[in-house]
Amino acid sequence: MVALVRTVAYLGLEARQVEVQCQVASGLPRFAIVGLPDKAVSESRERVQAALSAMGLALPPKRITINLSPADLPKDGSHYDLPIALALLAAMGVTDAEQLGDWIAVGELSLDGRIIASPGVLIAALHASSAEAGLICPAEQGSEAKWASGIPVLAPRDLSSLLGHLKGSQVLPEPTRGDVEEPPPITDLKQVKGQETAKRALEIAAAGGHNLLMVGPPGSGKSLLASCLSGILPELTPAEALEVSMVQSVAGTLSAGRISRARPFRAPHHSASMAALTGGGLKVRPGEVSLAHLGVLFLDELPEFQRAVLDSLRQPLETGKVDVARANAHVSFPARVQLIAAMNPCRCGHAGEPGHVCARGPRCTTEYQARLSGPLLDRIDLHVEVAAVSAMDLTLPPPAEGSEEVARRVARARAIATDRGVRSNAELEADRLERHASPDDAGRSLMMQAAEKLRLSARSYTRMLRVARTIADLSGADEVGRVHIAEALSYRQMIGRAGA
């Protein structure tokens with residue numbers, strides 16, 4: 001007899017159906033798992049055997065073969081424990097094999113029979129919904145699975161309670177959907193004294209979803225300004241919140257099924273590796289750029305990152321996704337992020353300050369800024385200088401306008417972009433860009449002069465049009481004019497030169 005239990009394999013945010021086939025046949029006692037299992041899946045036989053032993057069940061002295069089909073699809077992760085155990089129990093006649101055909105099972109087993117949380121339950125639940133099946137998952141992740149509407153969910157704490165429910169001797173309670181988290185405390189723009197130009201650039205970046213680079217000496221408030229961005233960005237829509245939660249689920253960071261409407265804000269250290277930033281590794285997992293999907297990726301001390309690591313962001317910033325290619329798998333993760341970066345103007349950090357003379361001369365600035373490639377800088381729409389804050393600035397009273405007032409203007413600009421069929425003006429492409437961001441005659445003349453003088457690439461040209469469209473939206477203008485083009489150009493390429 002061959003017993004079948006369905007589970008899933010994760011490829012990025014996609015769940016592929018996997019059949020766990022178990023055969024108990026005559027022959028020398030052996031427990032084998034085949035079908036391209038990784039080390040964690042191969043070790044499943046030890047956990048399953050111990051869990052059954054804790055329930056008072058012993059494996060039959062026969063040849064036990066577990067096949068994970070399709071056999072040419074790599075299987076990794078501990079979530080195969082539960083479906084393997086259920087298939088084995090069905091093959092042994094302990095539970096009804098036909099009854100298990102209506103369910104998809106995921107979960108890790110402990111040695112005492114408890115069912116432990118494993119990453120990706122929300123992805124599995126959405127797959128179960130599309131397959132018109134129910135989901136069996138760990139108890140602590142039942143609230144996460146319930147975000148997939150319209151599917152029955154069994155969330156047992158241990159294997160014995162699951163068997164009791166399947167046999168009808170007890171009833172497992174239906175899990176409730178997870179809570180929506182309260183937004184975290186925000187840093188208010190009222191805490192930023194001075195820096196009016198930088199605050200204006202931050203508002204434009206928030207309104208249009210544009211990338212921003214802040215250049216200034218240590219202590220000028222670059223990190224403080226970046227932390228204020230979360231307070232002026234609009235909340236995620238329900239669909240966006242689910243999309244973000246899917247990334248968190250497969251990364252194993254979605255706690256107790258709680259979904260947040262706040263946009264992600266990720267700030268990796270400059271020692272982060274390429275796999276940590278863009279995803280990958282031995283077991284392909286989303287990186288920081290995917291964990292920041294639909295939110296903010298803040299890179300402080302930008303030139304201190306390895307150059308190859310920074311250049312690996314060029315494709316995600318352009319396409320909004322990360323493609324991780326392996327010999328046996330090709331995985332894609334979403335990565336539509338808003339990049340906010342900060343850096344000092346030079347190694348010592350004080351180039352250009354009045355009265356400061358660097359011992360290394362202009363070479364200090366040139367060599368430090370040369371760590372950033374032209375193509376990466378070309379993808380950053382706004383470049384703004386953040387000057388040192390004087391003691392006089394610090395004695396001033398807080399500004400009258402804070403994050404609340406700026407957030408209202410940002411929300412209005414985003415609503416206008418939504419009417420155009422995009423989340424933000426940074427996503428305007430081709431026909432929509434031509435239709436909504438074409439400047440008037442005076443603006444077009446200025447744009448052509450600037451393109452020739454600054455030698456703007458095609459990418460720089462279109463990005464400037466998007467920024468100008470955002471500036472026009474903030475001012476309530478229907479058409480992009482010369483004044484909007486002029487302000488957009490004032491933020492362009494303070495350091496280096498736009499690359500190809």
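Residues numbered from 1 in each chain as written. Predicted model: local features only at pLDDT ≥ 70, side-chain atom pairs only at ≥ 80, totals over all residues. Heavy atoms only, no water.

A.B. asks: What is the right way to look at the pattern of salt bridges in this model?
C.D. replies: A full pass over the atoms with the stated rule returns 30 salt bridges. In this structure, Arg379 and Glu318 form a salt bridge, with 3.4 Å as the shortest nitrogen-oxygen distance. Pair noted here: Arg379 is in the loop between α15 (374-378) and β18 (382-385) and Glu318 is in helix α13 (residues 314-319), with a separation of 61 residues, a long-range link. Residue Glu401 is joined to Arg409 by a salt bridge in which the shortest nitrogen-to-oxygen separation is 2.7 Å. Within the structure, one salt-bridge network assembled from shared partners comprises Glu318, Asp378, Arg379, Asp381, Arg459, Arg463 and Arg492. (Salt bridge = Lys/Arg side-chain N within 4 Å of Asp/Glu carboxyl O. Helix = DSSP H or I, 4+ residues; strand = E, 2+ residues; numbered from the N terminus.)

A.B. asks: What is the right way to look at the packing of aromatic side chains in this model?
C.D. replies: The description of an aromatic ring pair rests on the distance of the ring centres and on the angle between the ring planes. Under the defined criterion, the tally for this structure stands at 1 aromatic pair. Their ring planes at 35 degrees and their centres at 6.1 Å tell us that Phe265 and Phe298 sit as a pair that is tilted. Here Phe265 is found in strand β13 (residues 265-266), whereas its partner Phe298 is found in strand β14 (residues 296-299), with 33 residues between them in sequence. On the basis of relative accessible area, Phe265 is assigned to the partly exposed category, the value being 30%. (Phe/Tyr/Trp six-rings, centres within 6.5 Å; stacked < 30°, edge-to-face > 60°. Buried < 20%, exposed > 50% of the residue type's maximum accessible area, 1.4 Å probe, protein only.)

A.B. asks: When you look at unusual backbone geometry in this model, what are you seeing that I'm missing?
C.D. replies: Excluding glycine, most residues fall at negative phi; most peptide bonds, likewise, are trans. Note that the residue after Ser69, namely Pro70, is joined by a cis bond; omega there is 5 degrees. Structurally, the position occupied by Pro70 is in the loop between β4 (63-69) and α3 (81-91). The backbone phi angle of Ala256 is positive, close to 55 degrees, even though this residue is not glycine. Here Ala256 shows up in the loop between α9 (238-251) and β12 (259-260). The phi torsion at Ala430 lies on the positive side, around 45 degrees, for a residue other than glycine. Within the secondary structure, Ala430 is located in helix α18 (residues 430-437). Using a relative accessible area of 59% as the deciding quantity, one classes Ala430 as exposed.

A.B. asks: Any chance you could explain the sheet that holds strand β17 (residues 338-343) here in plain terms?
C.D. replies: Strand pairing in a sheet relies on backbone hydrogen bonds. The paired strands run either parallel or antiparallel. Spatial ordering of the open sheet is given by β13-β14-β17-β11-β18, a layout of 5 strands whose pairing is parallel. Strands with a single pairing partner mark the edges of an open sheet, and in this sheet they are β13 and β18. Examined bridge by bridge, β13 and β14 share 2 bridges and lie parallel to one another. Looking at β14, one finds that Arg266 is bridged to Leu297. (Pairing = 2+ DSSP bridges.)

A.B. asks: Help me understand the pairing of β4, please; the structure alone is not making it clear to me.
C.D. replies: In summary, the side chains of a regular strand alternate between the two faces of the sheet. With 7 bridges joining them, strand β2 (residues 14-25) and β4 adopt antiparallel strand pairing. What sits directly across from Gln23, in β4, is Thr65.

A.B. asks: When you look at helix α21 (residues 482-490) in this model, what are you seeing that I'm missing?
C.D. replies: Residues three or four positions apart in an α-helix share a direction because the helix packs 3.6 residues into each turn. Among the residues of α21, those classed as buried are His484, Ile485, Ala488 and Leu489. Down the axis of α21, the buried side of the element spans an arc of 135 degrees, and every buried residue falls inside it. Buried residues in α21 make contact with α19 (441-454) and α20 (458-475). (Arc of directions from axis to C-beta. Contact = heavy atoms within 4.5 Å.)

A.B. asks: It is not clear to me how the packing of helix α7 (residues 196-208) against helix α17 (residues 403-419) should be interpreted in this structure. Could you clarify?
C.D. replies: For any two helices packed against each other, one specifies the crossing angle of their axes together with the interaxial distance. Across the interface, α7 lies against α17 with an axial gap of 8 Å and an inter-helix angle of 35 degrees. Between α7 and α17 the crossing geometry is right-handed. For the pair α7 and α17, the contacting residues are Glu203, Ala206 and Ala207 in the first and Val406, Arg409, Val410, Ala413 and Arg414 in the second. (Axes fitted to C-alpha atoms, helices over the stretch in contact; angles between N-to-C directions. Left-handed = near helix turned anticlockwise from the far one by under 90°.)

A.B. asks: Teacher, can you tell me more about α20 here?
C.D. replies: Over its 18 residues, α20 extends 26 Å from the first C-alpha to the last, a length consistent with the 26 Å expected when each residue adds 1.5 Å. Burial runs high along α20: 14 of the 18 residues are buried. Downstream of α20 by a residue or two, Gly476 has a phi angle that is positive, lying close to 80 degrees. (Expected span 1.5 Å × (residues − 1).)

Scope: geometric values only; no functional claims are made or implied.
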